[in-house]
Amino acid sequence: IGAYSLRSNTTGSYNSASGYTSLFSNTTGNYNTAQGYASLTLNTTGSSNTAIGMYAMENNTSGGNNSSVGKDSLQLNTTGSSNTVHGHSALENNVTGSENVAMGMYSSDYNVSATSTTAVGYAAGYGNGDYYYNQGGVYLGYQSGYSVGNNSDYNTFLGYQSGYNVTTGKNN
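An account of the accompanying structure is given in this report. (Residues numbered from 1 in each chain as written. Predicted model: local features only at pLDDT ≥ 70, side-chain atom pairs only at ≥ 80, totals over all residues. Heavy atoms only, no water.)

Notes on the environment of Ser98
(1) Moving on: Relative to the elements of secondary structure, Ser98 occurs in the loop between strand E5 (84-86) and strand E6 (101-103).
(2) Moving on: Here Ser98 falls in the buried class, since its relative accessible area comes to 19%.
(3) Moving on: On a C-alpha basis, the gap between Ser98 and Ala114 in space is 6.6 Å, while along the polypeptide they are 16 residues apart.
(4) Moving on: For Ser98, the residues in contact, after removing those within four places along its chain, are Gly80, Ser81, Asn83, Ala114, Thr115 and Ser116.
(5) Moving on: Of note is the side chain of Ser98, whose polar atom sits 2.9 Å from the backbone nitrogen of Ser81. (Helix = DSSP H or I, 4+ residues; strand = E, 2+ residues; numbered from the N terminus. Buried < 20%, exposed > 50% of the residue type's maximum accessible area, 1.4 Å probe, protein only. Contact = heavy atoms within 4.5 Å. Polar contact = N/O pair within 3.5 Å; in protein donor to acceptor, adjacent residues only side chain to side chain.)

A few points about the side chain of Glu58
(1) Moving on: Take Glu58: it is sitting in the loop between strand E3 (50-52) and strand E4 (67-69).
(2) Moving on: Buried and without a salt bridge, Glu58 has Lys71 as its closest oppositely charged side chain, separated by 9.1 Å. (Lys, Arg positive; Asp, Glu negative; His and termini not counted. Salt bridge = Lys/Arg side-chain N within 4 Å of Asp/Glu carboxyl O.)

With respect to the sheet that holds strand E1 (residues 16-18)
Sheet strands pair via backbone hydrogen bonds, and the direction of the pair is either parallel or antiparallel.
(1) Moving on: Taken in spatial order, the nine strands of this open sheet run E1-E2-E3-E4-E5-E6-E7-E8-E9, and their pairing is parallel. The sheet is open, and its two edges are formed by E1 and strand E9 (156-158), each paired on a single side. Averaged over all adjacent pairs, the angle separating strand axes in this sheet is 5°, with direction ignored.
(2) Moving on: Two strands pair when backbone bridges link them, and E5 and E6 are joined in this way by three bridges, in the parallel orientation. (Pairing = 2+ DSSP bridges. Axes fitted to C-alpha atoms, helices over the stretch in contact; angles between N-to-C directions.)

Spelled out as structure tokens, the structure:
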């Protein structure tokens, strides 16, 4: 449903698309659900994805088993898999990271290749507006781990603005 939805589909099966250009580039991907303007637009072979919201998983090409709910959520993801995201711009700049959980507006927003990271709360693990790469972080609470950056791996911050100014420290 919607102009250009599932336009390029060739052998992909069991897909559902609703919204302008949703699943536009899908060719062989199966079991995808795209609901919202430009959701899963560039997906070609990725399977078992759910993208709900304007631009949700827009750039995904082959990533699979992702669940993304919210405007701009997982928007730049291309090959990352097994991510669970809920919230406006949550894990928005992730490109290749996998096995992450981001719940809350702007959670892990600037993490480009997060792996096994959990961010729950408004702007938890945000990245302070700078693209960063890290893994294994746990950020629970409003702006917990807000300024995390490169090499800030394996931190656990619990509570309101905990670890707010940590930029490169790890194993905290």
